[in-house]
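Report on the structure
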Amino acid sequence: MRETYRVLELFSGIGGMHAATQIVQTYCDVNFEIVAAVDINTTANAIYRHNHPDTVHWQRNITGITSKEINNLRPDILLMSPPCQPHTRQGKRQDKQDPRSEALQHILNLIPQIQSLKYILLENVQGFESSEARSDFIRTLKDNGFQVCEFLINPTQIGIPNSRLRYYGLGRRSSQSLGLPENLQEDFSILKVSLVALQNSFIVGKLEKFLQKDVNEEYLLSDKILLKYNKILDIVTSVSERSCCFTKAYGQYFEGTGSVLQQCGDLDAAYARIQPLENEDNEILETLASLKLRLFTGLEIAKLLGFPASFDFPEESSRKQQYRTLGNSLNVNVVAILIHFLLLS
């Protein structure tokens, strides 16, 4: 008989953790029941509900959740991806002093009162591993009988052609030593069993496997963007085996927010031609237009993040909203591997 785990999904966003449990359930002899998903962001919640209409979903501030409410859900597993802004390179790195850290601190205060919890997984940005918030997280888990294992890993390390270096903190409640390493793991070495179990669940190799056909020309970069940002664009092609991390500013800003796709032409020849040109906008534009540079679509990014083919956006969802919510999401495949490791390895 398949064991069923009751899952509480906090900071649920557009449902990346939920999608990860579905992968593990598909390839392994376990079931997951999402007893509640919780987030305050109305746009992300609309996308979550569009894809998981039957899941209990609370739109509310997590700082208002009580231990009684959580205990009524009887969760075995807590999955959470708290706000990353207190720890990002682009932010002020105010750590616990940032008001957006309050929700995580609130949950840490509740953990001692939730006796049904057996497993915890937290995802956050690079930088969290050296934060005060991380110290509180690890201390709370250890004080409440959890064995801890931490990772700073990137899906590119297993052949997925999109960079998303992230921190993951795992906790498993056990009175006996599980032999987990205490140092931060920076590759997938100890995840080999889980990688093998889920190897057919994710796509590796060239970007062409992730691209849609007949993408609308509205995704082509405008003349204004081509003239202003052509020297800093990260340009990839369908046969590239890499792409930059897509952030919530993708499509608005063009430095360090994600790659753009070259659909035709010779990139080196085009840039060699425009390099000596100054104040000759028409010729520069004509040359760059031959490359047909475009943005990745929301669904292409979602596929790179490991969301299933069935994933979709509500009809009323704007392109900006899609990019913002995807930028705040996570790599589903990596989380699935870690859930498998946490529960089954």
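These remarks concern the structure in this document. (Residues numbered from 1 in each chain as written. Predicted model: local features only at pLDDT ≥ 70, side-chain atom pairs only at ≥ 80, totals over all residues. Heavy atoms only, no water.)

Re the side chain of Ser131
Within the secondary structure layout, Ser131 lies in the loop between strand 5 (119–125) and helix 5 (132–143). In terms of polar contacts, Ser131 uses its side chain to reach the backbone carbonyl oxygen of Phe128, at 2.7 Å. (Helix = DSSP H or I, 4+ residues; strand = E, 2+ residues; numbered from the N terminus. Polar contact = N/O pair within 3.5 Å; in protein donor to acceptor, adjacent residues only side chain to side chain.)

Points about the sheet that holds strand 6 (residues 146–153)
On the basis of which strands lie adjacent, the open sheet formed by seven strands has the order 3-2-1-4-5-7-6 and mixed pairing. At either margin of the open sheet sits one strand with a lone partner, and together these are strand 3 (57–59) and strand 6. This sheet shows a mean twist of 15° between the axes of neighbouring strands, independent of strand direction. In the packing of helix 5 onto the sheet, the strands contacted are strand 4 (77–80), strand 5, strand 6 and strand 7 (166–173), and the crossing angle to strand 6 comes to about 150°. The strands touched by helix 12 (residues 332–344) within the sheet are strand 1 (3–10), strand 2 (30–39), strand 4, strand 5, strand 6 and strand 7, with strand 7 carrying the most contacts at an inclination of about 20°. (Pairing = 2+ DSSP bridges. Axes fitted to C-alpha atoms, helices over the stretch in contact; angles between N-to-C directions. Contact = heavy atoms within 4.5 Å.)

So, the pattern of salt bridges
Here the structure, examined in full by the defined rule, presents eleven salt bridges. Of the charged contacts in the structure, one is a salt bridge between Glu33 and Arg6, with a shortest N-O distance of 3.4 Å. Note that Glu33 is positioned in strand 2 and Arg6 in strand 1, a separation of 27 residues in sequence. Judged by relative accessible area, which is 18%, Arg6 ranks as buried. A salt bridge links Glu283 to Arg273, with the shortest nitrogen-to-oxygen separation between them at 3.7 Å. With Glu283 in helix 9 (residues 281–289) and Arg273 in helix 8 (residues 267–274), this residue pair connects regions lying ten residues apart in the sequence. Given the relative accessible area of 29%, Glu283 is considered partly exposed. (Salt bridge = Lys/Arg side-chain N within 4 Å of Asp/Glu carboxyl O. Buried < 20%, exposed > 50% of the residue type's maximum accessible area, 1.4 Å probe, protein only.)

Thoughts on the packing of helix 4 (residues 102–110) against helix 5
Interaxial distance between helix 4 and helix 5 falls to 10 Å at its minimum, and their mutual angle equals 15°. In terms of their interaxial angle, helix 4 and helix 5 are classed as roughly parallel. Of the two elements, helix 4 crosses helix 5, and the hand of that crossing is left-handed. From helix 4, Leu104, Gln105 and Leu108 reach across to helix 5, where they touch Ala133, Asp136, Phe137 and Thr140. Here the contact of helix 4 with helix 5 is composed, by residue class, of four nonpolar, two polar and one charged. (Parallel < 35°, antiparallel > 145°, perpendicular 65-115°, else oblique. Left-handed = near helix turned anticlockwise from the far one by under 90°. Nonpolar A, V, L, I, M, F, W, Y, C, P; charged D, E, K, R; others polar.)

Section: the environment of Asn45
In this structure, Asn45 sits in helix 2 (residues 42–51). The class of Asn45 is buried, set by a relative accessible area of 0%. Put simply, Asn45 and Met17 are 28 residues apart on the chain and 14 Å apart in space, counted from C-alpha to C-alpha. Dropping the residues within four chain positions of it, Asn45 is found in contact with Gly13, Asp39, Ile40, His57 and Gln59. Within the local environment of Asn45, its side chain forms a polar contact with the side chain of His57, the two groups lying 3.3 Å apart.

What about the pairing of strand 7?
Moving residue by residue along a regular strand, the side chains alternate between the two faces of the sheet. Of all the eight residues making up strand 7, six are buried; the element is thus mostly covered by neighbouring parts of the structure. Strand direction decides the pairing type here: strand 5 and strand 7, joined by seven bridges, are antiparallel. Looking at strand 7, one finds that Leu122 is bridged to Gly169. Pairing analysis gives eight bridges linking strand 6 to strand 7, with the strands arranged antiparallel. By the bridge assignment for strand 7, Phe146 is matched with Arg173.

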